Each structure stands twice: as C-alpha cells, then as structure tokens.
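# Commentary on secondary and tertiary structure
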Amino acid sequence: MGQFNKRLLNIKSNKLLIVGCSGLLGSNLCLEFKDKFEVLGTYNNNNIDLANINKVKLDLLNYKNLLLLVNDYKPKFIVNCSGYTDVEKCETNPALAKKINYEIVKNLVKICKDNRIKLIHISTDHVFDGKKDIYTEKSFTNPINVYSKTKVLAENYIKKNIKNFIILRSNFFGWGNLNKRSFSDYIYDNLTLQKNISLSDKIFFNPVLISTLAQIIIDLIRSNYKGIINVGCKERLSKFDFAIKLAKKFKLDTSNIIKSNQEKTKIKKPSSMYLSTS
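These notes cover the structure that comes with them. All values reported here derive from a predicted model rather than from experimental measurement.

## A word on the packing of helix 2 (residues 63-73) against helix 4 (residues 94-115)
- Across the interface, helix 2 lies against helix 4 with an axial gap of 10 Å and an inter-helix angle of 35 degrees. For the crossing formed where helix 2 meets helix 4, the hand is right-handed. Between helix 2 and helix 4, the contacting residues are Tyr-63, Leu-66, Leu-67, Val-70 and Asn-71 on the first element and Asn-107, Leu-108, Lys-110, Ile-111, Asp-114 and Asn-115 on the second.
- When grouped by side-chain class, the residues that make up the contact of helix 2 with helix 4 number six nonpolar, three polar and two charged.

## Topic: the side chain of Asn-206
- When you line up the elements, Asn-206 lands in the loop between strand 10 (204-205) and strand 11 (208-209).
- One polar contact links the side chain of Asn-206 to the main-chain carbonyl oxygen of Cys-233, over a distance of 2.9 Å.
- A distance of 2.9 Å separates the side chain of Asn-206 from the backbone oxygen of Leu-275, its partner in a polar contact.
- Excluding its chain neighbours within four sequence positions, the residues that come into contact with Asn-206 are Asn-171, Gly-232, Cys-233, Glu-235, Met-273, Tyr-274, Leu-275 and Thr-277.

## Notes on the nonpolar core
- Ile-18, Leu-29, Phe-33, Val-79, Leu-168 and Ile-217 are the most contacted members of the largest nonpolar core, which has 32 residues in total.
- For this core, the elements supplying multiple residues, two or more each, are strand 2 (15-19), helix 1 (24-33), strand 3 (38-43), strand 5 (77-80), strand 6 (118-122), strand 7 (165-170), helix 7 (210-222) and strand 12 (226-231).
- Considering every element that reaches this core, the biggest residue donor is helix 7, with seven residues.
- Those residues in contact with Val-79, other than ones at most four positions away along the chain, are Leu-16, Leu-17, Ile-18, Val-19, Leu-29, Phe-33, Ile-120 and Ile-122.
- Listed in part, the 24 residues of the second largest apolar core include Tyr-73, Ile-78, Ile-104 and Ile-167.

Definitions and cut-offs
Within each chain, residues carry numbers counting from 1 in the order of the written sequence. A pLDDT threshold of at least 70 governs which residues receive local features in this predicted model, and a stricter bar of 80 or more applies before side-chain atom pairs are shown or counted, although totals over entire chains, interfaces and linings include all residues. Excluding hydrogens and water, the side-chain values take into account all heavy atoms of the structure. To define axes, lines are fitted to C-alpha atoms, for helices over the stretch in contact only, and angles between the resulting N-to-C directions are given on a 0 to 180 degree scale. A run of H or I in DSSP becomes a helix once it reaches four residues, and a run of E becomes a strand once it reaches two; helices and strands are each numbered from the N terminus. Handedness of a crossing is defined here by the sense of rotation of the near helix relative to the far one, left-handed for an anticlockwise turn of less than a right angle and right-handed for a clockwise turn. Throughout, a contact is declared for two residues whenever any of their heavy atoms are within 4.5 Å. Basically, the charged four are Asp, Glu, Lys and Arg, the nonpolar ten are Ala, Val, Leu, Ile, Met, Phe, Trp, Tyr, Cys and Pro, and anything else, Gly included, counts as polar. Nitrogen and oxygen atoms within 3.5 Å of one another constitute a polar contact, given that in protein one can donate a hydrogen and the other can accept it, and given that sequence-neighbouring residues count only through two side-chain atoms. Among buried residues, the Ala, Val, Leu, Ile, Met, Phe, Trp, Tyr and Cys ones that are joined through side-chain atoms within 4.5 Å form a nonpolar core. For the exposure calls, accessible area comes from a 1.4 Å probe over protein chains only, and a residue counts as buried if that area is under 20% of its type's maximum, exposed if over 50%, partly exposed in between.

Okay, structure coming up:
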C-alpha cells in the first residue's frame, strides 16, 4: 500500500513542523527529531517544556493562521500528531472528535497540497472491527466507534486529495508527560505503588516503543516512502501479556496484574488490533 524510493533523501537541513507537540507522541518526536531536522512544534492549550525545541501556540482549525505559519517557516515535512484520542470522550462528544481528528486534517491536506509539503499522518490500529487475527495495509477498514470513524474519515480524505503522504498506523508506548500519560505509564505507576490493575487477555495488539517509532519515521522520510504503512512489534500481545512483560523489565511485582477477559467499558472496541508489519 505504498512504495520506497531507492534514493535516500538528505534530511539533515530540512525543516519539519510537528503539529500537536504537547501530546504523548508529539513531545517525544520533537526530542527524537531535533538532531535530524530543524524542528518547530505547535500546541493548542498546553505549552510543555521541551529542551531546545521552538514552539508556537496555534489553533489548527484556523486555516488562515496555519497558512501564515507555514508561509513563514516553510517546512518540507509536516507530522500530524494532533488528535482527540480518548475513545470514551470521543463517544460522548462526537462533534469535537470530528473537528480535531478530521477537520484539522482537511486543513493540513490543503496546506500540504498547495505548498508541496509531505504530510506524515499518525493514524491508529483502531480502524478495523477486530474480527480478524491480523490486518495488513490492504485490509478493509471497518470502524466501530466514534474515535475510529473520525480516523478513517481522515485517512480517506488524505488518500483522495494528495499523493505525497505517509499514513502510519500504529499503537505506541513510552514515557508520557504531565499533560498526557501513556498506557505503559499507567501500568508502571500503579505497579510501583503496589496497586492492583485488571487487564484483558482477550484484546490483542502489537505496540512499539516511541523512540523506535521515531527512527522508523525518519527512515521512511529518508527513503521517500509514500502510502499507508503499519508499524509495530512483531509479537501479538494481549493487554495482560504486555503488562507482564513491562513489569518484568522493571523488576516489578507481577502478582498485582489481574487477568480479565474483558475491558471495563460499554463502548465497542476491536478485540484484535494486531497489525502485520511484513
């Protein structure tokens, strides 16, 4: 669902704009990319401290101000890390979910198309219904909740309107910040305090460490990759399995991890989000 160009691009002198730099992924990517690109980050409400990273406050729904920033900064790449990722909150506020996960993408697509900028869009492993054991880049999407429906809308709009893009489907983990804690933070924080956590052994995924994800994005940019690509670890893990592995890595007590056969939510979620990384 994409192609590599054998000629590697020299990216060291290129400007890169990361929109959504205050979130879990955006903040980590800023720090990972700063030695490879000239990086500028945008944030909406939360201005977090990122060492040696230039940042600007920007409402991405305001097309005029976004265009002014792009015309001034002149990036060669835009990485879209913005997103309303709380599945439960998306379900109760679908209008806001659509604004952040879809309308912002429409603005970015127009900006990239008119200014010959490559768009790297971070999508999700939630775009499928979870009825299959594994999903490739060519698998048909079938979203089953508001969050995933808005992400599929964004993917389809990108594919229809521009050619120079990367849609990256993934599930990632790593150290969060005060504004955004990760799933791995949740596990680590609770086990460190010797609190019990209950996690499903029936929900499967293959998450990737953010620093690894960052290096893969750099490799994709250097190889001039275009299209959809899955990024994850090779192993198919349940949420319970992942917690056990993390606990052992940090020498934490695994007895505080309680196996459950379901998630504590009434919202429909895919039971399998295992992405083929072949």
